[in-house]
Amino acid sequence: MTQLSVNVNKVATLRNTRPLNIPSVLHCAKLALDAGAHGITVHPRPDHRHIRPDDVTDLAALLKHYPHAEFNIEGNPFLDYMPHIRNIGGSGPTQCTLVPDSTEQFTSDHGWSLTPDTCKQLAPLIVEMKHLGCRVSLFMDASPLDAPASQFEIAKQLGADRIELYTEPYARAFDQGGSALEASLTQYITAAQHAHALGLALNAGHDLNLHNLPLLLQHIPTLAEVSIGHALIADALEFGLPTTVKKYLAAIDSRQTKPSEPQS
């Protein structure tokens, strides 16, 4: 079964609008885990605009009470990311998802371009993360400027265990439907096949929701994990967080039905 990791960044964004601990990131993470989520994702940024350093350490402590759940820390390893990995104690988070976002970006909007210079910088950090016992996943485009097979092969050579496919283009195509959706699905299926052939496990995230998630999972049954935050937290305003988590788990389960043709 594809695992669901709940991204709690948006909970922290709301909390940070007032000098109170309301809503509590820790409590919301506990609600999600108690409802069946397989893990928690955070993406701390240098400006602390949502997740703060103490959130990372508090969540790491909480996850110790959920031994079967995973803790996924996303971020740019060159921008104040490694202290989070080194400072939470124990053997580090379950997974480090490395994202090439800048301090100016509103949100992550592209995957890595694994040039020789970038690889030279990434390589020793990936070695350190793996020494701490962390799984390493690289945030990648389904259709990078270079051929996916080449970029994914470089990711494998760097020591990545997984890649996370950036799915905002798929979400846009899903809303358009028709030939746009068919073309997008073909890109993502091809990328998944390249990753699988190289022995890379596959994650996915960004703009996934209750409507577009089942179709993606039907066509890419090898997805190991989806990380969902914005849409899930928005849905929780209507349904409540525990019920929303269960709805997403049901959407994941629904992928076991026969894939249907994309609808326009």
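What you see is a predicted model; the values in this text were computed from it and never measured. (Residues numbered from 1 in each chain as written. Predicted model: local features only at pLDDT ≥ 70, side-chain atom pairs only at ≥ 80, totals over all residues. Heavy atoms only, no water.)

A. Structural detail: the overall build of the protein chain. Counting secondary structure elements, the protein chain contains 11 helices and eight strands. By sequence separation, contacts in the protein chain at least 24 residues apart represent 73% of the contacts at least 6 residues apart. For the protein chain, the accessible area works out to roughly 12,000 Å², and carbon and sulfur atoms hold 55% of it. (Helix = DSSP H or I, 4+ residues; strand = E, 2+ residues; numbered from the N terminus. Contact = heavy atoms within 4.5 Å. Areas by Shrake-Rupley, 256 points an atom, 1.4 Å probe, with all protein chains shown as cover.)

B. Representation of the state of the cysteines. All chains considered together, the criterion is met by zero disulfides. Note on Cys 134: no disulfide assigned, nearest cysteine sulfur contributed by Cys 96 at a separation of 3.8 Å. (Disulfide = S-S within 2.5 Å.)

C. Spatial organisation of the sheet that holds strand 1 (residues 3-7). If you trace the eight strands once around the closed barrel, you get 1-2-3-4-5-6-7-8, paired in parallel fashion. Neighbour-to-neighbour, the strand axes of the sheet open up by a mean angle of 25°, direction not taken into account. Packed onto the sheet, helix 3 (residues 53-63) meets strand 2 (39-42) and strand 3 (70-75) and runs at close to 160° relative to strand 3. (Pairing = 2+ DSSP bridges. Axes fitted to C-alpha atoms, helices over the stretch in contact; angles between N-to-C directions.)

D. Summary view of the nonpolar core. If you look at the biggest cluster of nonpolar residues, it comprises 77 residues, and the most contacted ones within it are Leu 98 and Leu 138. Not counting chain neighbours up to four residues away, the residues in contact with Leu 138 comprise Leu 98, Trp 112, Leu 114, Ala 155, Leu 158, Ala 160, Arg 162, Ile 163 and Glu 164. (Core = buried A, V, L, I, M, F, W, Y, C linked by side-chain atoms within 4.5 Å. Buried < 20%, exposed > 50% of the residue type's maximum accessible area, 1.4 Å probe, protein only.)

E. Region of interest: the packing of helix 7 (residues 168-176) against helix 8 (residues 178-198). Two numbers describe how helix 7 lies on helix 8: the axes approach to 7 Å, and their chain directions differ by 150°. Between helix 7 and helix 8, the angle is such that the two are roughly antiparallel. Both helix 7 and helix 8 take part in a crossing whose hand is left-handed. Here Glu 168, Pro 169, Tyr 170, Ala 173, Phe 174 and Gln 176 of helix 7 come into contact with helix 8, specifically with Gly 178, Ala 180, Leu 181, Ser 184, Leu 185 and Tyr 188. Across the contact of helix 7 with helix 8, the residue classes break down as eight nonpolar, three polar and one charged. (Parallel < 35°, antiparallel > 145°, perpendicular 65-115°, else oblique. Left-handed = near helix turned anticlockwise from the far one by under 90°. Nonpolar A, V, L, I, M, F, W, Y, C, P; charged D, E, K, R; others polar.)

F. Expanded view of the pairing of strand 1. The element strand 1 is largely enclosed, with a buried count of four among its five residues. Of the pairings in the sheet, the one linking strand 1 to strand 8 (residues 223-228) comprises four bridges and is parallel in character. Looking across to strand 8, one finds that Val 6 is bridged to Ile 228. Where strand 1 meets strand 2, three bridges bridge the pair, whose relative direction is parallel. Directly across from Val 6, in strand 2, lies its bridge partner Ile 40.

G. Structural view of the packing of helix 2 (residues 25-34) against helix 11 (residues 241-253). Relative to each other, helix 2 and helix 11 sit at 45°, their axes nearing to 8 Å. Between helix 2 and helix 11, the angle is such that the two are oblique. Helix-helix and strand crossings are classified by hand; for helix 2 and helix 11 the assignment is right-handed. Between helix 2 and helix 11, the contacting residues are Cys 28, Leu 31 and Ala 32 on the first element and Leu 241, Pro 242 and Val 245 on the second. The residue inventory of the contact of helix 2 with helix 11, partitioned by class, reads six nonpolar, no polar and no charged.

H. Examining the packing of aromatic side chains more closely. Tallied over the full model, the rule gives four aromatic pairs. Both rings, one in Phe 139 and one in Tyr 166, keep their centres 5.4 Å apart while their planes meet at 55°; by these two values the pair is tilted. Placement of Phe 139 in strand 5 (residues 135-140) and of Tyr 166 in strand 6 (residues 162-166) is noted, with a sequence separation of 27 residues between them. Residue Phe 139 shares its accessibility class with Tyr 166, and that shared class is buried. Among the aromatic residues, those joined into a ring-pair cluster are Tyr 170, Phe 174 and Tyr 188. Here the guanidinium or amino end of Lys 247 rests over the ring plane of Phe 239, the centre of that ring lying 4.5 Å away. (Phe/Tyr/Trp six-rings, centres within 6.5 Å; stacked < 30°, edge-to-face > 60°. Lys NZ or Arg CZ within 6 Å of the ring centre and 35° of its normal.)

These results come straight from atomic positions and should not be treated as a statement about function.
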